[in-house]
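Results of the structural survey
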Amino acid sequence: QVQLVESGGGLVQAGGSLRLSCAASESIFSLNVMGWYRQAPGKERELVATISTSGGSTNYADSVKGRFTISRDSAKTTVYLQMNSLKPEDTAVYYCNSEWLYHGVRLVYWGQGTQVTVSS
């Protein structure tokens, strides 16, 4: 099994910054992609950003491009989301997401979620 431990959420004023972290436990599975999704009240969960563990390629939602940066540590098992110029519409529960491969089978695991609240 895989465990994802998230940290870094909280309350911040508009224009401020927060940094989220997500650490994945060791596994016999091969880690492929890690990322962040968010879900605001009454809305569907949406992609924020992803990063591949191999080449480090990244993907961002249009709404966060230029403000958020996703990165990973050298061991490639911890992913970070640096959030700058935060807006009230960024308020949501942020979930860490990981995709793993095991003998060609794709496995997806989620973190427990961390609340980010941006006040106006």
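Relevant structure appears above.
An account of the accompanying structure is given in this report.

About the thresholds
Residues numbered from 1 in each chain as written. Predicted model: local features only at pLDDT ≥ 70, side-chain atom pairs only at ≥ 80, totals over all residues. Heavy atoms only, no water. Disulfide = S-S within 2.5 Å. Helix = DSSP H or I, 4+ residues; strand = E, 2+ residues; numbered from the N terminus. Buried < 20%, exposed > 50% of the residue type's maximum accessible area, 1.4 Å probe, protein only. Contact = heavy atoms within 4.5 Å. Phe/Tyr/Trp six-rings, centres within 6.5 Å; stacked < 30°, edge-to-face > 60°. Lys NZ or Arg CZ within 6 Å of the ring centre and 35° of its normal. Salt bridge = Lys/Arg side-chain N within 4 Å of Asp/Glu carboxyl O. Pairing = 2+ DSSP bridges.

1. Some points on the state of the cysteines
A complete count under the given rule lists 1 disulfide for this structure. Disulfide partner of Cys22: Cys96, at an S-S distance of 2.0 Å. The sign of the S-S torsion, about -85°, decides the handedness of the disulfide formed by Cys22 and Cys96: left-handed. Remark: Cys96 occurs in strand E9 (residues 92-102) and Cys22 occurs in strand E3 (residues 18-24); sequence separation between them is 74 residues. The same class applies to Cys22 and to Cys96, which are both buried.

2. Notes on the side chain of Thr50
Position of Thr50 among the secondary structure elements: in strand E5 (residues 46-52). Here Thr50 is in contact with Val33, Met34, Gly35, Ser57, Thr58, Asn59 and Ile70, once residues within four sequence places are set aside.

3. A few points about the packing of aromatic side chains
Under the criterion given, the structure shown has 3 aromatic pairs. On the basis of an interplanar angle of 15° and a centroid distance of 6.5 Å, the ring pair of Phe29 and Tyr109 is categorised as stacked. One end of the pair, Phe29, is in the loop between E3 and strand E4 (30-39); the other, Tyr109, is in strand E10 (residues 105-110), and 80 residues separate them in sequence. Judged by relative accessible area, which is 15%, Phe29 ranks as buried. Relative to Trp110, the ring of Tyr37 lies with its centre 5.1 Å away and its plane at 70°, an arrangement referred to as edge-to-face. Of this pair, Tyr37 sits in strand E4 while Trp110 is found in strand E10, placing the two residues 73 residues apart along the sequence. Ring-pair connections join several aromatic residues into one group, and the members of that group are Phe29, Tyr102 and Tyr109. Positioned over the ring face of Tyr95 is Arg45, at 3.7 Å from the centre of the ring. One Lys or Arg, Arg45, reaches over the ring of Trp110 and ends 4.6 Å from the middle of that ring.

4. Looking at the pattern of salt bridges
In a structure, side chains of opposite charge can pair up when their charged atoms sit close to one another. Using the criterion set out here, one finds 5 salt bridges in the structure. Close ionic contact of Glu46 with Arg38 constitutes a salt bridge, the shortest N to O distance being 2.7 Å. Classification of Glu46 as partly exposed rests on a relative accessible area of 37%. In this structure, Asp62 and Lys65 form a salt bridge, with 3.1 Å as the shortest nitrogen-oxygen distance. Put simply, Arg38, Glu46, Arg67 and Asp90 are held in one network by salt bridges that share partners.

5. A few points about the pairing of E4
Among the 10 residues in E4, 7 count as buried, and that is most of the element. With 9 bridges joining them, E4 and E9 adopt antiparallel strand pairing. The residue of E9 that forms the bridge with Gln39 is Val93. Pairing of E4 with E5, which is carried by 6 bridges, proceeds in the antiparallel orientation. Each bridged residue has a counterpart across the sheet, and for Gly35 the counterpart in E5 is Thr50. Between E4 and E5, which pair antiparallel one after the other, the connecting turn spans 6 residues, and Gly42 there sits at a positive phi close to 80°.

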